[in-house]
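# Structural description and commentary
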Amino acid sequence: AGSGGGAAPEPGTGEHFARCKPLLVFWALVDRLQALLKGHGAVPGMPDPPEGNPGEPSHPEGAPWVVALVRRLRVDHLAIGQELQGPWLQELVNDFLPMASFDEAVDVLGILPEVQAALAASGTSPAPGESPAVAWVRSVHARAAPADQ
């Protein structure tokens, strides 16, 4: 059972997507912000993300690229704001907000290769007529569901 007084929707359905969509849009915006601030040479000397525990700091606080990122945020904040108003806002309005299904979200967010890799790693295959996106949602839900359900 889910919170909010009703039963949890079946994984992969439209109702389930409606509940997940705000989180997917938030993730997409954070992903785009990371790319804006750290990608394409935005911060000189920034290394590739290290392997390891994602919950732990990946680099020392005084690392040169961290200092450069902080400086960029302080000095170039107006330019960053301008970057966010153009294509970002259009992508939010034209691509992210209209998403209506997990299939569409996987396409818009460009994560189909990751979804397919996760399915392969878990040994999960889509049911006949089921998309990889819905199979992935179903497999994630099954792993996250409490044992008593």
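The structure we're discussing is the one just above.
Note that the structure is a prediction, hence the values are computed from the model and not measured.

The rules we used
- All residue numbers here refer to positions counted from 1 along the written sequence of the relevant chain.
- This being a predicted model, a pLDDT of at least 70 is required before a residue's local features are given, and a value of 80 or more before pairs of side-chain atoms are given or counted; all residues contribute to the totals for chains, interfaces and linings.
- Values reported for side chains reflect all heavy atoms of the structure, with hydrogen atoms and water molecules removed beforehand.
- The set of buried Ala, Val, Leu, Ile, Met, Phe, Trp, Tyr and Cys residues whose side-chain atoms join them within 4.5 Å is what this entry labels a nonpolar core.
- Under the scheme applied here, a residue whose accessible area is under 20% of the maximum for its type counts as buried, over 50% as exposed, and between as partly exposed, the area being computed with a 1.4 Å probe on protein chains only.
- A patch consists of residues exposed above 30% relative accessible area that lack any salt bridge, with like charges linked at up to 9 Å and nonpolar side chains (Val, Leu, Ile, Met, Phe, Trp, Tyr) linked at up to 5 Å.
- Note on areas: Shrake-Rupley with a 1.4 Å probe; residue coverage comes only from the protein chains shown.
- Take a side-chain nitrogen of Lys or Arg and a carboxyl oxygen of Asp or Glu: if they are within 4 Å of each other, that pair is a salt bridge.
- Every helix listed is a DSSP run of H or I at least four residues long, and every strand listed is a run of E at least two residues long, numbered separately from the N terminus.
- Planes of paired rings set the category: under 30 degrees apart is stacked, over 60 is edge-to-face and the rest tilted, where pairs are Phe, Tyr or Trp rings (Trp by its six-membered ring) whose centres lie within 6.5 Å.
- Structural elements are reduced to axes, namely lines fitted to C-alpha atoms, with helices fitted over the stretch in contact, and the angle between N-to-C directions of any two is expressed from 0 to 180 degrees.
- Small angles under 35 degrees read as roughly parallel and large ones over 145 as roughly antiparallel, with 65 to 115 read as roughly perpendicular and the rest as oblique.
- Throughout, a residue-residue contact means that at least one pair of heavy atoms, one from each residue, lies within 4.5 Å.
- Note that Gly is not counted as nonpolar here; it falls among the polar residues with everything else outside the nonpolar set of Ala, Val, Leu, Ile, Met, Phe, Trp, Tyr, Cys and Pro and the charged set of Asp, Glu, Lys and Arg.
- To estimate the expected span of a helix, subtract one from its residue number and multiply by 1.5 Å.
- Bending is quantified residue by residue as the angle between axes fitted to the seven-residue window ending at that residue and the seven-residue window starting at it.

## Regarding the nonpolar core
Counting residues in each nonpolar core, the largest one holds 16 residues, and the members touching the most others are F17, L24, M99, F102, A105 and L109. The next biggest cluster of nonpolar side chains, apart from the first, holds 8 residues, and it includes A63, W65, I80 and W88.

## Some details on a nonpolar patch on the surface
Taken together, the side chains of L89, V93 and L97 define a hydrophobic patch exposed on the protein surface, amounting to about 260 Å² of accessible area. Its location among the elements puts L89 in helix 3 (residues 77–96).

## Overview of the packing of aromatic side chains
Enumeration over the complete set of coordinates arrives at 1 aromatic pair. Aromatic pair F17 and F102: ring centres 5.1 Å apart, planes at 85°, arrangement edge-to-face. Residue F17 is found in helix 1 (residues 14–38), and its partner F102 is found in helix 4 (residues 102–109); the two are separated by 85 residues along the sequence. Like F102, F17 is buried.

## Some words on the pattern of salt bridges
Opposite charge on two side chains allows them to pair when their charged atoms are near. In total, this model carries 4 salt bridges according to the counting rule given. Between E130 and R138 there is a salt bridge, with its nearest N and O atoms 2.6 Å apart. A relative accessible area of 19% means that E130 is categorised as buried. Within this structure, D31, R32 and E91 form a network of salt bridges that share partners.

## Side note on the packing of helix 2 (residues 64–75) against helix 3
Contact geometry of helix 2 with helix 3 gives a least axis separation of 5 Å together with a crossing angle of 80°. Taken as axis vectors, helix 2 and helix 3 run roughly perpendicular relative to one another. Contacts between helix 2 and helix 3 pair R72, L73, R74 and V75 from the former with H77, I80 and E83 from the latter. In the contact of helix 2 with helix 3, the residues fall into 3 nonpolar, 1 polar and 3 charged.

## Quick notes on helix 3
Between its first and last C-alpha atoms helix 3 spans 24 Å; for 20 residues at 1.5 Å apiece the expected length is 28 Å, and the helix comes up short by more than 12%. A bend of about 40° at W88 is the largest found in helix 3. Among the residues making up helix 3, those that are buried are I80, W88 and F96. Residues of helix 3 that are buried make contact with helix 1, helix 2 and helix 4.

## Quick notes on the packing of helix 1 against helix 4
At their nearest, the axes of helix 1 and helix 4 sit 11 Å apart, and the two run at 5° to each other. In this view, helix 1 runs roughly parallel relative to helix 4, as classed from their interaxial angle. For the pair formed by helix 1 and helix 4, the contact residues are H16, F17, C20, L24, W27, A28 and R32 on the first element and F102, A105, V108 and L109 on the second. Of the residues contributing to the contact of helix 1 with helix 4, the split by class is 9 nonpolar, 1 polar and 1 charged.

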